[in-house]
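Chain by chain, the residues run as shown.
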Amino acid sequence: MNTICYDLETGGLDKFNHTITEAFFAVFDENWVQLDSLHLYLKNDAGEVKGEEQAFKITGIDPDELLANPDTVTYTEGREQLLTMLAKHKLPKKQKHFQLLGQNIAAFDGPFMEIQGFLTQEHKKTAGIHHNVLDTTVYTTWLKKLGILPDDVGNLGSLVKYFGLQGREAHRAEDDVYMQKDVYIAMSDMVKKMALNNLNSVGSSSDLLKIVEL
């Protein structure tokens, strides 16, 4: 299954009243080879950009400049670009072609897109996107609970630093996507290595299950 790593910038945290201002989607195959990408500057279908001053300061997005930018598109226009891109990378003889990956997408980005109407469950079904998501925030919380990750990591920047990954500009959709992808790979490699080491030391998968607190 291919992976869609994505990130949104928004005018604030209110999913009902604030709008999506920027989005970046990158498609990777099972070997993490990038197949495609799409960078969108967005306004809602009414032609509005809504948000709070503090949020715009954090993202560096000026709402007036965004509206004046000829590259800024409506939700509908941006969604059509996204679905067109994804259609090129569907897998033969498969019903589900893509899995979503990101930081805090289960609690924030996914519901934000759904409520704003940019990418609903019906749109995901049309695109062949699996309903399960890969969320590095969820995995971080789980690994911290197990004592595998320290308590002082959590946000994307701290995870990038912990794993010694390439740092990029935070709160910009494109940079966040590549950091999220790198964090997920590093996190997966760490868990795999631990599992193999423990398996070699205890001798069987059933023994390994006994030492993992689920």
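Computed from a predicted model, the values in this text were never measured in an experiment.

Thresholds, definitions, all that
Residues numbered from 1 in each chain as written. Predicted model: local features only at pLDDT ≥ 70, side-chain atom pairs only at ≥ 80, totals over all residues. Heavy atoms only, no water. Helix = DSSP H or I, 4+ residues; strand = E, 2+ residues; numbered from the N terminus. Buried < 20%, exposed > 50% of the residue type's maximum accessible area, 1.4 Å probe, protein only. Contact = heavy atoms within 4.5 Å. Areas by Shrake-Rupley, 256 points an atom, 1.4 Å probe, with all protein chains shown as cover. Salt bridge = Lys/Arg side-chain N within 4 Å of Asp/Glu carboxyl O. Pairing = 2+ DSSP bridges. Axes fitted to C-alpha atoms, helices over the stretch in contact; angles between N-to-C directions.

Trainee: How would you explain the overall build of the chain if you had to name every residue and give the values?
Mentor: For the chain, the count of helices and strands is nine helices and six strands. Each of the 214 residues in the chain was classed as buried or not, and the buried ones make up 46%. Look at the contacts in the chain between residues 6 or more apart in sequence, and 67% of them connect residues 24 or more apart. Surface summary for the chain: the accessible area is close to 11,400 Å², and the carbon and sulfur share equals 50%.

Trainee: I'd like a rundown of unusual backbone geometry, residues and numbers included.
Mentor: The residue Trp 32 is not glycine, and still its phi comes out positive at about 65°. The residue Trp 32 is located in the loop between β2 (20–28) and β3 (34–43) in this model. Overall, Trp 32 belongs to the partly exposed group, its relative accessible area being 25%. Located in the positive-phi region is Asn 104, a residue other than glycine, with phi close to 65°. Looking at the secondary structure, you find Asn 104 in the loop between β5 (98–102) and α4 (105–116).

Trainee: Break down the pattern of salt bridges for me, citing the residues and quoting the values.
Mentor: The tally for this structure, following the rule as stated, stands at five salt bridges. For Lys 88, the salt bridge is made with Asp 36, and the minimal N-O distance between the two is 3.2 Å. Taken together, the residues span a long stretch of sequence, with Lys 88 in the loop between α3 (75–87) and β5 and Asp 36 in strand β3 at a distance of 52 residues. Residue class for Lys 88 comes out exposed when judged on its relative accessible area of 59%.

Trainee: Residues and numbers for the pairing of β2, please.
Mentor: Here β2 lies mainly inside the structure; nine of its nine residues are buried. Strand direction decides the pairing type here: strand β1 (residues 2–10) and β2, joined by eight bridges, are antiparallel. Residue Tyr 6 lies in a different strand from β2, and its bridge partner there is Phe 25. The sheet contact formed by β2 and β3 spans seven bridges and is antiparallel. Each bridged residue has a counterpart across the sheet, and for Phe 28 the counterpart in β3 is Gln 34.

Trainee: Hey, could you go over the sheet that holds strand β6 (residues 129–135) for me, with residue numbers and the actual values?
Mentor: The strand order across the open sheet formed by six strands is β4-β3-β2-β1-β5-β6, and the pairing between neighbours is mixed. Of all the strands in the sheet, just β4 (72–74) and β6 have a single pairing partner and so form its edges. Across the sheet, the axes of successive neighbouring strands diverge by a mean angle of 35°, strand direction being ignored. Two elements, β1 and β5, share four bridges in a ladder whose sense is parallel. Pairing of Asn 2 across the sheet is with Phe 98, part of β5. Across the sheet, α3 lies against β1, β2, β3, β4, β5 and β6, angled at about 175° from β3, the strand it touches most. Running over the sheet, α4 touches β1, β2, β5 and β6 and is turned about 75° from β1.

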